[in-house]
Structures are given as structure tokens and as C-alpha cells.
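Descriptive structure summary
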Amino acid sequence: MTHLWVRAEQRPNEERVGLTPEGAKALLDKGIRVTVEESSVRAIPIDGYKTAGCDIAAENSWPDAPRDAIIFGLKELPEDGTPLPHRHIMFGHAFKGQHSGVALLKRFKAGGGTLYDLEYLVDETGRRVAAFGYWAGYAGSAVTLKSWAAQQRGELCGPVGVYAGKDALLADLGAELDALSKDRPSAIVIGALGRVGTGAADLLEAMGCTVTKWDMAETASGGPFPQILNHDLFLNCIFARPGTPVFVPQEALKADRKLTAIGDVACDPDSDYNPVPVYDRATTWEAPALRVADAPVLDVMAIDNLPSMLPVESSEDYAAQLLNTLMKLDDLSDGVWTRAEADFITHSKDL
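Everything numeric here is computed off the predicted structure, so don't read it as measured data. Each residue is numbered by its place in its chain's sequence as written, counting from 1. pLDDT decides what is reported in this predicted model: residues at 70 or higher carry local features, side-chain atom pairs at 80 or more are listed and counted, and totals for whole chains, interfaces and linings draw on all residues regardless. Water and hydrogen atoms were dropped before computing side-chain values, which therefore reflect all heavy atoms in the structure.

Regarding the packing of aromatic side chains
Filter applied, for reference: Only the six-membered ring of Trp is used, alongside the rings of Phe and Tyr, when aromatic pairs are assigned; centres must lie within 6.5 Å, and planes under 30 degrees apart are stacked while those over 60 apart are edge-to-face, with the rest tilted. By definition, any uninterrupted DSSP run of H or I lasting at least four residues is a helix, any uninterrupted run of E lasting at least two residues is a strand, and each is numbered from the N terminus. Using a 1.4 Å probe on the protein chains alone, a residue whose accessible area is under 20% of its type maximum counts as buried, one over 50% counts as exposed, and one in between counts as partly exposed.
Throughout the structure, instances matching the rule amount to 12 aromatic pairs. Ring centres of Phe 91 and Tyr 318 lie 6.3 Å apart, and the angle between their planes is 45 degrees; on these two criteria the pair is classed as tilted. Taken as a pair, Phe 91 in the loop between β5 (87-90) and α3 (99-111) and Tyr 318 in helix α8 (residues 311-326) lie far apart in primary sequence, 227 residues in all. Like Phe 91, the residue Tyr 318 is buried in the burial classification.

Laid out in C-alpha cells, this is it:
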């Protein structure tokens, strides 16, 4: 029997989950065994999974799960160097030249396990079957706006946290902007036709910002793109890959510009394809903005688990998108899973 083991997330500020109790019930009805770990932080309570009929396991007990279980989580595993013998479904961040990803792939190779990277679960056209993109863009715009607002007060953006829902986020952010007694900033969103860009633009427009929307057609020339510097905010919502142009080069730090805040929602600072190479590390919930220039000021927001700010809405949305693919776990010869395994093999074979 196929056995899916939903692990607790071990990363700080991570309350999301990729399977709801309703989805778990559908898997159980299909004949797939589902184990869900208890979690001290998960936004969706464990009681729903119990009612659905899932087996319940202790928090973070997945290393001792049966060898044939498929471990399902979202964010990083503890970086303890231990070999990984299981099959894992997760965001590995290991296939785009990320330097930290090599260590993860070596752990899989040492243990004989397999990584089904959620970012690489794609249909026959190459489109991802599920993504948190909309909520990443939505929350990313919010924190970028908070960074801009802090600048107007002569400050660097302070810590951010979890919201009960988007209405609470909009109310909090609106009050902060209204207190400035200044016009809303202008913004440019690159990747505006995608899920991430749509979310980013929706939040900005909800806050009354003027938004310039660019996508592939506007960036096909390969740059440079001086128009970006003529906006207060820039939201990068492009999936980085070989050939992605540079949007804000190092020279921009000393350029005459209006731009003072960048929201790099894609957040691949250690990728060889980073289109915003003015910073070198992700930011955090405790320190959301990294100041990369002072004259004029320029702050970069690059939090890599933005949808966690709205964990219930983002979990329910993502889980609904992914469920049809999880329903095919009892036949890993299905195209989505074979493509994901092929990507893992390609990127780990030379280690």
C-alpha cells in the first residue's frame, strides 16, 4: 500500500501544510495510507486529520518512518548532513545552481533516497501543477510596501509575522501607509502575467498604488531596463533560469534613481541566474529588509517563505491545486512523478 507521511515543518515561522484534512480523506478513500505528524505550529489543527482517519505520529518522527513511506513536507530539512533514504516530496531548492542545494543532493545520494521537488512537479506542457505563487506575490508586495513605509520614517523595516487572513493584513498595512500622509508609491511588477505577479499586483492595487505591469514581451530585449529605476518599488516575480536578464545591476546602486525598495519574491540570491544581483542573501521575518545602498537608499526584501504570512489561505489554495497529483502516488509511473524523478537524477548523477 502506498504510504504518504506528512511531516511537521521544522523551519521557524512556517505554519503551512500541503495537504488539508479533506484532501487526506480523499487519499484514504483511494486506498493510500496517510500518516500526519503532530505539529506545534501547523495552521490547520491535527483534529481534522484524526477525524479523516489518518494515522497520527509524533512531531518530527519522519526519520524513523517505514523505509517505503513517502515523506511530504514543504520547506527545508534540518541541515545535519544525515543520509536520506526515503523518497521526499518538498521544495529542495537544489536544481538551479544553488550552492546549498548540492549538500542536500549529496545526502539523497548517500542514503539512496529520491527528491520529488515540488517546484518541478509539472504537466506535459511544463507548467507547475501547484504553486504558492499568488500568495508569495501578495505577501511579498506587502512587506516591500512596509519597507518603503519604514524608509519614509527614516527607519529600516522591522519584524513581520503571521496574519489571521488577508483582511487583517490589508487593515494593518493600510493603517501604516495612511499614517504617513504621503502619496502611495509607484511600483513595477515584472512577471505580472504569472501567479506570483498577479498576487503582487493585486496587493499593490488594493493599497492604492499605481502599478506598471511587465512580462516576457517587455523584457525580451534582455536589457538594460532603466525604466525600473523610475519607480519607487520593483517586484521581481520571474522564475529564474538560464537566460533570465538582469533587471537591477550593481551599477544601479550608485545611479540616479527613484527606486528605493526591491521585493525579490523569486528569492534566489545564491543562484547563478539571480536577476537582482545587488544582494547576496535572503532576508528574514525578524529582519525583512537588507539595505544595499545609502545614497540614495535602497532596501531589498527577499524572504523565501512569504506565503507563510497567510498560512491558512495559502495552504488551502496550494493543497487544492496539488491534490489531483497526490492522488496518483499509487502509480509513480504517472508523467508528473516520472518527470520529477528524471530531474532529480539529472541534477544528482555527477555528484
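Now that the structure is up, let's keep going.
So, the side chain of Ser 141
Applicable threshold: Residues are treated as being in contact if the distance between any of their heavy atoms lies within 4.5 Å.
Examined against the element boundaries, Ser 141 turns out to sit in helix α4 (residues 133-152). When residues no more than four places from it in sequence are discounted, the contact partners of Ser 141 are Ala 200, Leu 203, Leu 204 and Leu 235.

Thoughts on the sheet that holds β5
Across a sheet, paired strands are connected by hydrogen bonds in the backbone, their directions being either parallel or antiparallel. Keep this limit in mind: Between any two strands, pairing holds if DSSP finds at least two bridges. To define axes, lines are fitted to C-alpha atoms, for helices over the stretch in contact only, and angles between the resulting N-to-C directions are given on a 0 to 180 degree scale.
Read from one edge of the open sheet, six strands run β3-β2-β1-β4-β5-β6, paired in parallel fashion. Whereas interior strands pair on both sides, the edge strands pair on one side only; in this sheet they are β3 (55-57) and β6 (114-117). Each strand axis lies, on average, 25 degrees off the axis of its neighbour in the sheet, ignoring direction. Packed onto the sheet, helix α9 (residues 335-348) meets β5 and β6 and runs at close to 120 degrees relative to β6.

Let's talk about the nonpolar core
For clarity, the threshold we go by: Here, the term nonpolar core denotes a set of buried Ala, Val, Leu, Ile, Met, Phe, Trp, Tyr and Cys residues that are joined through side-chain atoms within 4.5 Å.
In terms of nonpolar packing, the biggest core is built from 37 residues, with Leu 145 and Leu 204 touching the most fellow members. For this core, the elements supplying multiple residues, two or more each, are α4, α5 (166-178), β7 (186-190), α6 (195-206) and β9 (233-236). Per element, the largest residue contribution to this core is nine residues, and it comes from α4. The residues touching Leu 145, leaving out its near neighbours within four places in the chain, are Leu 173, Leu 177, Pro 185, Leu 203, Leu 204, Met 207, Cys 209 and Leu 233. Counting 32 residues, the second largest nonpolar core, distinct from the first, contains Leu 27, Val 36, Tyr 116 and Leu 121.

Notes on the sheet that holds strand β12 (residues 297-301)
Ordered in space as β8-β7-β9-β10-β12-β11, the six strands form an open sheet in which the pairing is mixed. The open sheet terminates on both sides in strands that have one partner only, identified here as β8 (210-214) and β11 (289-294). When the angles between neighbouring strand axes are averaged without regard to direction, this sheet yields 20 degrees. As paired strands, β9 and strand β10 (residues 261-264) are joined by four bridges and run parallel to one another. Residue pairing for β10: Leu 235 is matched across the bridge by Gly 263. The sheet strands contacting α4 are β9, β10, β11 and β12, and the helix crosses β12 at an angle near 155 degrees.

Some words on the side chain of Asp 232
Spelled out, the test is: The definition of a polar contact used here is a pair of N or O atoms within 3.5 Å, where within protein one atom must be able to donate a hydrogen and the other to accept one, and adjacent residues in sequence count solely through side-chain atom pairs.
As for its position among the elements, Asp 232 is in the loop between α7 (216-219) and β9. A residue is classified by how much of its surface remains accessible, and Asp 232, at 13% relative accessible area, is buried. Within the structure, the side chain of Asp 232 is placed 2.8 Å from the backbone nitrogen of Ser 186, a separation counted as a polar contact. Residues contacting Asp 232, with those up to four places away along its chain left out, are Trp 148, Pro 185, Ser 186, Lys 258, Leu 259, Thr 260 and Ala 261.

Re the packing of α4 against α5
Where we set the bar: Angles below 35 degrees are treated as roughly parallel, those above 145 as roughly antiparallel, those between 65 and 115 as roughly perpendicular, and all remaining angles as oblique. For any pair of crossing helices, the crossing counts as left-handed if the nearer helix is rotated counterclockwise from the farther one by less than a right angle, and right-handed if it is rotated clockwise. When residues are sorted by character, Ala, Val, Leu, Ile, Met, Phe, Trp, Tyr, Cys and Pro go into the nonpolar class, Asp, Glu, Lys and Arg into the charged class, and all the rest, Gly among them, into the polar class.
Viewed as axis vectors pointing N to C, α4 and α5 meet at an angle of 20 degrees, and their least axial separation amounts to 10 Å. Between α4 and α5, the crossing angle belongs to the class labelled roughly parallel. When you trace α4 past α5, the crossing you get is left-handed. Of the residues in α5, those in contact with Trp 135, Tyr 138, Ala 142, Leu 145, Lys 146, Trp 148 and Ala 149 of α4 are Lys 166, Leu 169, Leu 170, Asp 172, Leu 173, Glu 176 and Leu 177. A class-by-class count of the residues in the contact of α4 with α5 yields 10 nonpolar, no polar and four charged.

Brief notes about the layout of surface pockets
Put simply, the test is: Cavities and pockets were defined on a 1 Å grid built from protein atoms only: a cavity is a group of points that admits a 1.4 Å probe but offers it no way out, a pocket is an open group of points flanked by protein on both sides within 12 Å along at least five of seven lines, and a lining residue is one with an atom within 4 Å of any such point. Grid points are joined across faces, edges and corners, and a volume is the space filled by probe spheres set on the points.
The calculated volume of the second largest pocket comes to roughly 150 Å³. Lining the second largest pocket are Arg 11, Pro 12, Asn 13, Ala 282, Thr 283, Thr 284, Trp 285, Glu 286, Ile 303, Asp 304 and Asn 305. Among the residues making up the lining of the second largest pocket, the classes are represented as four nonpolar, four polar and three charged.

Structural notes on the packing of α4 against α6
Remark: α4 packs on α6, axes separated minimally by 6 Å, with the N-to-C direction vectors making an angle of 40 degrees. Here α4 lies oblique to α6, going by the angle between them. Viewed along their axes, α4 and α6 form a crossing whose handedness is right-handed. Between α4 and α6, the contacting residues are Gly 133, Tyr 134, Gly 137, Tyr 138, Ser 141, Ala 142 and Leu 145 on the first element and Arg 195, Val 196, Thr 198, Gly 199, Ala 200, Asp 202, Leu 203 and Leu 204 on the second. Looking at the contact of α4 with α6 residue by residue, the classes come out as eight nonpolar, five polar and two charged.

Brief notes about the state of the cysteines
Our working rule: Any pair of cysteine sulfurs within 2.5 Å is marked as a disulfide.
If you walk through the whole model with that rule in mind, you get zero disulfides. Residue Cys 237 stays outside any disulfide, its sulfur separated by 12 Å from that of Cys 267, the closest cysteine.

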